[in-house]
Structures are given as structure tokens and as C-alpha cells.
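# Summary of the model geometry
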Amino acid sequence: MERMIIFFMLFFCSSMVLTATPQKAMKYKQLLKTIDQLKDVVKDKDAELLHTPENPMDECLFTAVTCFQKGTLKLQPKNSQVNSTFIKTVNILKRPILKDSGKQCESTCESYEKKNPKEFLQSFSKLMKKVTIRVDSFCYRKSTIEGRHYTI
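Because the structure is predicted, anything quoted here is derived from the model rather than measured.

## Overview of the overall build of the protein
Of the regular secondary structure elements, the protein holds five helices and two strands. For the protein, the succession of helices and strands along the chain, N to C, is α-α-β-α-α-β-α. Of the accessible surface of the protein, which amounts to about 10,300 Å², a share of 58% is contributed by carbon and sulfur atoms.

## Brief notes about the pattern of salt bridges
All told, the structure shown has two salt bridges when counted by the stated rule. A salt bridge links Lys39 to Asp36, with the shortest nitrogen-to-oxygen separation between them at 3.0 Å. Placement of both Lys39 and Asp36 in helix 2 (residues 23-41) is noted, with a separation of three residues, approximately one turn of the helix. Under the relative-accessibility criterion, Lys39 is labelled buried at 14%. Note that Lys115 and Glu54 form a salt bridge whose closest N and O atoms lie 2.7 Å from each other. Of this pair, Lys115 sits in strand 2 (residues 114-115) while Glu54 sits in the loop between strand 1 (50-51) and helix 3 (61-72), placing them 61 residues apart in sequence. Using a relative accessible area of 17% as the deciding quantity, one classes Lys115 as buried. The partly exposed category is assigned to Glu54, whose relative accessible area is 32%.

## Digging into helix 2
Counted at 1.5 Å a residue, the expected span for helix 2 with its 19 residues is 27 Å, and the 28 Å between its end C-alpha atoms agrees. Of all the positions in helix 2, only Ala25, Tyr28, Leu31, Leu32, Thr34, Ile35, Leu38, Lys39 and Val41 are classed as buried.

## Side note on the packing of aromatic side chains
Counted under the stated rule, the structure contains two aromatic pairs. Their ring planes at 55 degrees and their centres at 5.0 Å tell us that Phe68 and Phe120 sit as a pair that is tilted. Highlighted residues: Phe68 in helix 3 and Phe120 in helix 5 (residues 117-145), separated in sequence by 52 residues. Using a relative accessible area of 0% as the deciding quantity, one classes Phe68 as buried. Residue Phe120 is classed as buried on the basis of its relative accessible area of 0%. Seen in terms of ring centroids, Phe68 and Phe124 are 4.7 Å apart; in terms of plane orientation they differ by 0 degrees. Their pairing is stacked. Residue Phe68 is found in helix 3, and its partner Phe124 is found in helix 5; the two are separated by 56 residues along the sequence. Both residues of the pair, Phe68 and Phe124, count as buried. By the ring-pair criterion, three or more aromatic residues cluster together here, those being Phe68, Phe120 and Phe124.

Each value, and the rule that gives it
Residues numbered from 1 in each chain as written. Predicted model: local features only at pLDDT ≥ 70, side-chain atom pairs only at ≥ 80, totals over all residues. Heavy atoms only, no water. Helix = DSSP H or I, 4+ residues; strand = E, 2+ residues; numbered from the N terminus. Areas by Shrake-Rupley, 256 points an atom, 1.4 Å probe, with all protein chains shown as cover. Salt bridge = Lys/Arg side-chain N within 4 Å of Asp/Glu carboxyl O. Buried < 20%, exposed > 50% of the residue type's maximum accessible area, 1.4 Å probe, protein only. Expected span 1.5 Å × (residues − 1). Phe/Tyr/Trp six-rings, centres within 6.5 Å; stacked < 30°, edge-to-face > 60°.

Here it is as C-alpha cells:
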């Protein structure tokens, strides 16, 4: 009986470890939700146009994300009722997202086309999905090499 209980405990613990989602992937998925929340509370009419990176090269991901982060500071809430939600959401997006890869990027924020806040946030969301997919595929490849399979 003891062996059976120990077996089930080991089985349960190992299955929990193997299905745990890597921390970075979870962080990026949460940031995607945060960006989506911001779409509903941001002022879009008569708002400042923002430099919006589109399809940045791999070496420019850090620059593009930094550009989006700077742009979110220029966003304004739709109205006073959503102000607290807006402030909390923008504060989350101000935190560091990616580490600088050290690769040289020829693009700057100012080189990207300016778009309205809704399109800006849509592009930010698209970029973060790209980053999330890369992290997920990296974790999957790494886990397969190590003989583990994560469910993401």
C-alpha cells in the first residue's frame, strides 16, 4: 500500500513539473492580455498618432518593444471612468519586457509610420504574439531535447 501511495505521489509530482509553463511564456501571455485590456480604455478620437513598428527584423525586436513602451506613455484614457484601469495597465507595460540582445538595429522609433492608438495597440499585440510564439517554440525544442514535453 505504501509503495502504491509513493508511486502515485511521484507520478503526480512529475506530471505537474512536466506540464508547467515556462515563466517567460506566461509573462508574455499576460502582457498580451494587458494590451487587449488597454484597447478598450484608450482614447482613439483626436489622439496623438504614435510611431508603430511593423514586422521588425529579429535584431530589432528590442528596439520595437521599447518603441511601443514609449508610445504607451503617450496614450490617454477614453474618459475619467476608466482612468484607474488605464493607469494600472500602462504601469504594467512600463516594466522591462525584453532584454537587449546587443545586436545592432538600424531602425529607430522615429523611422516607423505613425498610426492611431487602436492600430498602435493592435501592432503591439501582434509583436508580442510573435515573441510569445518564439519563446514557446524555444521552450518546446529545449524540453524535447531534455526529454520533456510541456503543454502550453
